[in-house]
Amino acid sequence: NNTSQTNYSYWDQSVSQWFDTGIMIPVINVSGTNSDSTPPSINSLSLSPSSINGSGSVYLQVDVSDDISGVFHVTGNLQSPSGGSSINFGMQDNQTSGMWEGSLKIENYHESGEWKLTSLSVGDLAGNSFSWVLDNNTSQTNYSYWDQSVSQWFDTGIIIPVINVSGTNSDSTP
């Protein structure tokens, strides 16, 4: 759209042309701030228990830090052994422990076998985000991350936590 750099424009489909509205786009100049362009860091994570027989709860704790604006969200995904189902989760900031915490419920209809915490994503109040994921081409056992600056996956060396689920009656029918 080459109509105006300072005014709003609109597209008139009947004549296939952009038109200047004459209404100025408001500009806000921000100064004196400490810009945050770095995503939060995942320092550690824990998952317990490491095995469940039948049904039960899984507790997660993640130590996350951010340099300026503060952590806004921590989310993840627990994937079934076959990869056919998953449980997405969000975590809450526990002010007392200083950790981000959450729980998941494994039901007796979930698939038995080794469930993996296949992704963990964090974001800050400035909109920066970062994810650790299972990328089988990089590692079968460790988290990987994508470095956009070099367009490449890297192995974090951090082992992906697993939960061994047994004694369930898997419901695989859609």
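Computed from a predicted structure; not experimentally measured.

### Some points on the sheet that holds strand S3 (residues 41-48)
(1) Moving on: Read from one edge to the other, the open sheet built from four strands follows the order S3-S5-S9-S8, with strand pairing classed as antiparallel. Bordering the open sheet on either side are S3 and strand S8 (92-94), each of which pairs with just one other strand. Neighbour-to-neighbour, the strand axes of this sheet turn through a mean angle of 30°, independent of strand direction.
(2) Moving on: By the bridge criterion, seven bridges tie strand S5 (residues 56-65) to strand S9 (residues 99-106) in an arrangement that is antiparallel. Within the sheet, the bridge partner assigned to valine 62 lies in S9 and is tryptophan 100.

### Observations regarding the nonpolar core
(1) Moving on: Judged by nonpolar contacts, the single largest core of 25 residues is most densely connected at Val74, Leu78 and Ile163.
(2) Moving on: Of all the secondary structure elements, the ones that give two or more residues to this core are S3, S5, strand S6 (71-79), strand S7 (86-90), S9, strand S10 (113-124) and strand S14 (162-166).
(3) Moving on: Setting aside residues no more than four positions away along its own chain, isoleucine 163 makes contact with Leu47, Pro49, Ser50, Ser51, Ile52, Val58, Leu78, Gly113, Glu114 and Trp115.

### Topic: the environment of serine 119
(1) Moving on: Tracing the backbone through its elements, the reader meets serine 119 in strand S10.
(2) Moving on: Using a relative accessible area of 18% as the deciding quantity, one classes serine 119 as buried.
(3) Moving on: In this structure, the C-alpha to C-alpha distance between serine 119 and leucine 78, residues 41 residues apart in sequence, is 7.4 Å.
(4) Moving on: Aside from chain neighbours lying at most four places away, what touches serine 119 is Thr75, Gly76, Asn77, Trp132, Val133 and Tyr143.

What counts, and where the lines are drawn
Residues numbered from 1 in each chain as written. Predicted model: local features only at pLDDT ≥ 70, side-chain atom pairs only at ≥ 80, totals over all residues. Heavy atoms only, no water. Pairing = 2+ DSSP bridges. Helix = DSSP H or I, 4+ residues; strand = E, 2+ residues; numbered from the N terminus. Axes fitted to C-alpha atoms, helices over the stretch in contact; angles between N-to-C directions. Core = buried A, V, L, I, M, F, W, Y, C linked by side-chain atoms within 4.5 Å. Buried < 20%, exposed > 50% of the residue type's maximum accessible area, 1.4 Å probe, protein only. Contact = heavy atoms within 4.5 Å.

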